[in-house]
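Each chain is listed here by its residues.
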Amino acid sequence: MSFRLDRTAFHAGTHAEAEAYHRAHQPNTPTERLRAAMYLNSVAFNYDLNNPPRLDRTVFSCRVHAHRRDG
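The text that follows walks through the structure, step by step, so that each part is easy to find. (Residues numbered from 1 in each chain as written. Predicted model: local features only at pLDDT ≥ 70, side-chain atom pairs only at ≥ 80, totals over all residues. Heavy atoms only, no water.)

1. Describing the overall build of the protein chain
Logical step 1: From N to C terminus, the protein chain includes three helices and zero strands.
Logical step 2: Its helices and strands in sequence order give the protein chain the pattern α-α-α, from N to C terminus.
Logical step 3: Taking 71 residues into account, the globule formula puts the C-alpha radius of gyration at 11 Å, and the protein chain, at 20 Å, lies well above it.
Logical step 4: For the protein chain, the C-alpha atoms occupy an extent of roughly 60 × 30 × 25 Å along the three principal directions.
Logical step 5: With 71 residues in all, the protein chain has 4% of them scored as buried.
Logical step 6: Of the roughly 7400 Å² that the protein chain leaves accessible, carbon and sulfur atoms contribute 52%.
Logical step 7: Across the protein chain, the 10 positively charged side chains and the 7 negatively charged ones have centroids separated by 8 Å. (Helix = DSSP H or I, 4+ residues; strand = E, 2+ residues; numbered from the N terminus. Rg over C-alpha atoms; globule rule 2.2 N^0.38 Å. Buried < 20%, exposed > 50% of the residue type's maximum accessible area, 1.4 Å probe, protein only. Areas by Shrake-Rupley, 256 points an atom, 1.4 Å probe, with all protein chains shown as cover. Lys, Arg positive; Asp, Glu negative; His and termini not counted. Charge placed at Lys NZ, Arg CZ, Asp CG, Glu CD.)

Below, the structure written as structure tokens:
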């Protein structure tokens, strides 16, 4: 999977032009969108796309609310 990020490209245009551009260039399926988001996360957080870090579940806690204990 290869994505290119061109950070030098910029064009100020109208909202209609921006909508037309994004409609034509946005990934079509939810799967493609998810892959693009995963790629951007790997670039932003500097990890290998094929070997993402595991979620640290030790920072989460679970508790029962007082009003739920009785019933």
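2. Here we look at the environment of A12
Logical step 1: Examined against the element boundaries, A12 turns out to sit in the segment before α1 (15-25).
Logical step 2: Residues A12 and P30, 18 residues apart in the sequence, show an inter-C-alpha distance of 28 Å.

3. Notes on helix α2 (residues 30-44)
Logical step 1: Over its 15 residues, α2 runs 21 Å from end to end, which matches the ideal 21 Å to within 8%, given 1.5 Å per residue.
Logical step 2: In the stretch just after α2, N46 is the one whose phi turns positive, near 55 degrees. (Expected span 1.5 Å × (residues − 1).)

4. Focus on the pattern of salt bridges
Logical step 1: Counted by the stated rule, this structure contains one salt bridge.
Logical step 2: Ionic pairing is found between E19 and R23, a salt bridge with its closest N-O pair at 3.2 Å. Taken as a pair, E19 and R23 lie in helix α1 at a separation of four residues, close to a single helical turn. (Salt bridge = Lys/Arg side-chain N within 4 Å of Asp/Glu carboxyl O.)

5. Focus on unusual backbone geometry
Logical step 1: Despite not being glycine, N46 has its phi angle at roughly 55 degrees, a positive value.
Logical step 2: Take N46: it is sitting in the loop between α2 and α3 (66-69).
Logical step 3: The class for N46 is exposed, based on a relative accessible area of 70%.

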